[in-house]
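Geometric and topological summary
Listed below are the residues making up each chain.
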Amino acid sequence: MIRTGDEYRAGLRDGREIWIDGERVSDVTKHPAFKPIVDIRSRMYDMQHDAKYKDRLTYQENGETLTKFYKPPREKQDWNDKVDIVDAVMKDIGGVVTRVGDETIGEVWSLMDGRDVLAEFNPEFANNVDRHVARVLAEDIFHVSANTDPKGDRSRAPKDQDPDMLVHVTKETDAGIIIRGAKYETAAAYADQAFLKPTVGAWTNEELSDYAVGCIVKMGAPGVKHICRSGFAGKNSPADYPLANKFDEVEALVVFDDVLIPWEDIFFYRHTKAAQFIRSTLHRYSAFPYVLRLLYVADMMIGAAMWNAKQTGLEKLQSVKEKLADLVCYREGINAHLTASIAMAEKSPGGLLMPQQSMLYAGRVFACSQLPAMMHIARELCGGQICITPNAASFKAEGSGDWLKKFYTLNEKWESEDRRKLLAFARDLLNSDYAGHRLTFVQFAQAPHFNHLAAVYGSFDFSGPLDFVRKAADLSDRIGSSK
Ligand SMILES: Cc1cc2nc3c(=O)[nH]c(=O)nc-3n(C[C@H](O)[C@H](O)[C@H](O)COP(=O)(O)OP(=O)(O)OC[C@H]3O[C@@H](n4cnc5c(N)ncnc54)[C@H](O)[C@@H]3O)c2cc1C
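Our subject in this report is the structure included herewith. If you're wondering where the values come from, they're calculated on a predicted model, not measured in any experiment.

Considering only enclosed or pocket space, the largest pocket measures out at about 630 Å³ in volume. As for the largest pocket, its lining consists of 25 residues, and the residues nearest its centre are Thr148, Tyr184, Phe444, Ala445 and Ala447. Only strand S7 (176-186), helix H17 (433-444) and helix H18 (449-459) provide two or more residues apiece to the lining of the largest pocket. In terms of residue count, the dominant contributor to the lining of the largest pocket is H17 (four residues). Split by residue class, the lining of the largest pocket holds nine nonpolar, ten polar and six charged. Forming the boundary of the second largest pocket are 19 residues, of which Ser280, Thr281, Tyr361, Ala454 and Ala455 lie nearest the centre. Sorting the residues of the lining of the second largest pocket by element identifies helix H9 (272-281), helix H12 (357-382) and H18 as the ones contributing at least two each. Tallying contributions element by element places H18 first for the lining of the second largest pocket, with five residues. In the lining of the second largest pocket, the residues fall into five nonpolar, nine polar and five charged.

Here is the structure:
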C-alpha cells in the first residue's frame, strides 16, 4: 500500500513529544520549523499517486502497488530505478533532501545479510528483520537512522560514566526490553520509526553487552522525547533564503526515557557479535543514495556558477571555464563511482544485490571529502556579491529599490530581479548558516571521514596490487600470501 501525503501527516499526529527553542510542539505538521520539510515528504508520498509519476515511482507485486524506494534490490534494474526515482523527486521539489527514508532503509537490508549472525542468538530476531523489511514496504513507512549516542567521556569505560551516555537495556519484561539513553537523529521528529543500533565498539566484553542492542523504535512511543536544534525555516524570508526555508531537515537529540521495545521489534540484544556485524555492514546499501544526493548538490553548484558566469559575461574567460570544468569533474566523478558500482554490483550473502562495495565507498570518500573544495570554487565563480547583496525587501522599497534595480540590471536579458534571485540562491547554497550546516551534514551524517576510509580499506581487495607488485618486482614466495 502506498500512502498519501495526508495519511503520512495524520500518522505524525500521534501525541509525540517534540521540543524546539524551549517550547513543546503541538502539531509537527504545522509548526514553522517543520512544516516545509513535512510538506516535501508529503509531496513525495503524493507523487506516488500522481499520474505523471506513478509508473516511475511504484511497482506492482501480488496485486498491490508498492514504492520502488523501499524495494530490496535484487537486480541491476532495481538500482537503476532508484537512480531514476531520486531524479524525479529532486527535480520535482527543486532542491535536495537526504533523509527521507530511501536513504536509511538500506541499513535494515544489511541486517538481512546477517540473518545467520542474528539467528545464532535467537532465530526469532532474524525473523523480525524479514518482517520489518516487508512491513516498511507494505505500509510505506518513513524510516530513519539512530546510530550516534552523545557518548560522553570516551576515555572512560561506559560503566564508569553516566550509563545513559550510551543507549542500553535496563530491564527485560514479558512485553519486551526497556531502553535508556539518547541518539542524534536527522528527521526523527517527522518520521515514523528509527532503526536504533550502537556506534561504538568499546564494550566488546560480556559485562557491558547491555549496550549491544539493535531494534526499531516508534518515534511516537511513550518515553521518546525529541529535543530539536533550532530550525532554519522561517528565520529569514524565503525570497532571500530559498533553500533554508524549504529543505531544512531538522535534527534532534532523541531521548529514550525508559522506552519499551516489544520483542517483535528487536533485532539483537546483549549480542556483541551482532553489534559488530552491523557496524561493518551498515552502509552496504545506504551509502548509495547518500552519495547520489551529492550529484544533485554538484548540479546546483554548476548551475549557480554557470548562470552567474553567463549573466556577467565572464564565461568566455579560459580561467572561468577551467573552474567550471573542475566542478564538472567533481560531478562526473560522483556519477562514475555510482554508475560503476551498479555495473559491477555483486550478490550479497543474503541474496540481495549490493553496489560494488569498494567503488561505492571510494565514491563516498571522493564526494564527501571534496565538497568543501568544490564549494570554494563555486563561491569563487559566483563572486563576492553573494554576501553583499541587499535582501529582496530593499529591492522593493521606495528610496533603495530604484538604485538596486539600476545596479543589478546587467543587460536587456538579465534584469535585476533575476540577478537578485540567482545571488540569493547561491548565497543559501554556499554561504548561509544553512549552507554551513549542510556541509557538516555531508561530512558527518553517515559517519565521519575516518570511518568512510575504514569502509574503503575494509572492502577493497588488496590482493590484486599485492600480486601485481610481487610479480613485477620479482619478489620471492617467502613474503607470504597476498590474501
Ligand atoms: C548534521 C548532522 C546530522 C546527523 N544525523 C544523524 C542521524 O540521522 N543519525 C545518526 O545516528 N547520527 C547522525 N549524526 C551524527 C553523526 O553520525 C556523528 O556526528 C558522527 O558519527 C561522529 O560522531 P560524533 O559527532 O560523536 O564525533 P566524534 O566521535 O567525537 O568524532 C569527532 C572527530 O574525532 C575524530 N575521531 C573520533 N574517533 C576516531 C577514531 N576512532 N579514529 C580516528 N578519528 C576519530 C574524527 O576526526 C571525528 O570526525 C548527524 C550529525 C550531523 C552533524
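Having seen the model, we can carry on.
Considering all chains together, one arrives at seven cavities of 30 Å³ or more under this definition. For the largest cavity, the calculated volume is near 180 Å³. What lines the largest cavity is a set of 16 residues, among which Val297, Met300, Leu429, Tyr434 and Arg438 lie closest to the centre. Among the elements of the structure, helix H10 (287-312), H12, helix H16 (416-430) and H17 are those that each provide at least two residues to the lining of the largest cavity. Partitioning the lining of the largest cavity into residue classes produces 14 nonpolar, no polar and two charged. Put simply, the second largest cavity is a space of about 90 Å³.

Looking at the ligand, there are 19 residues lining it, with Arg99, Asn147, Thr148, Arg154 and Thr186 nearest. The contact in question runs from an oxygen atom of the ligand to an N or O atom on the backbone of Asn147, over 2.6 Å. Lys151 places a side-chain nitrogen or oxygen 2.9 Å from an oxygen atom of the ligand. Here the ligand, which alone exposes 960 Å², has 64% of that area covered by the protein. With respect to the pocket detection grid, the ligand is positioned in the largest pocket. Among the secondary structure elements, those contributing two or more residues to the shell around the ligand are strand S5 (143-146), S7 and H17.

For the rest of this paragraph, the subject is the sheet that holds S7. Spatial strand order, S2-S1-S10-S11-S7-S6: six strands in an open sheet with mixed pairing. Each of the sheet's edge strands pairs with one partner strand only, and the pair in question is strand S2 (23-24) and strand S6 (168-172).

Grouped together as the largest cluster of nonpolar side chains are 141 residues, with contacts concentrated most on Phe34, Ile179, Tyr190 and Val217. Here this core takes 16 residues from H10, the largest share from any one element. Contact partners of Tyr190, with chain neighbours within four places excluded, come to Tyr8, Leu12, Arg16, Val28, Phe34, Ile37, Val38, Phe142, Asp248, Glu249 and Val250.

The subject of this paragraph is H9. The α-helix winds at 3.6 residues per turn, so residues separated by three or four positions along the chain end up facing the same way. Burial in H9 covers these residues: Thr272, Ala274, Ala275, Phe277, Ile278 and Thr281. The inward-facing, buried residues of H9 contact helix H5 (106-112), helix H6 (115-121), strand S8 (193-196) and strand S12 (266-269).

Quick notes on the rules
Residues numbered from 1 in each chain as written. Predicted model: local features only at pLDDT ≥ 70, side-chain atom pairs only at ≥ 80, totals over all residues. Heavy atoms only, no water. 1 Å grid on protein atoms, 1.4 Å probe; cavity = no way out; pocket = protein on both sides within 12 Å on 5 of 7 lines; lining within 4 Å. Points joined across faces, edges and corners; volume = space filled by probe spheres on them. Helix = DSSP H or I, 4+ residues; strand = E, 2+ residues; numbered from the N terminus. Nonpolar A, V, L, I, M, F, W, Y, C, P; charged D, E, K, R; others polar. Near = heavy atom within 4 Å. Polar contact = N/O pair within 3.5 Å; in protein donor to acceptor, adjacent residues only side chain to side chain. Areas by Shrake-Rupley, 256 points an atom, 1.4 Å probe, with all protein chains shown as cover. Sits in = over half its atoms within 2 Å of the grid points. Pairing = 2+ DSSP bridges. Core = buried A, V, L, I, M, F, W, Y, C linked by side-chain atoms within 4.5 Å. Buried < 20%, exposed > 50% of the residue type's maximum accessible area, 1.4 Å probe, protein only. Contact = heavy atoms within 4.5 Å.

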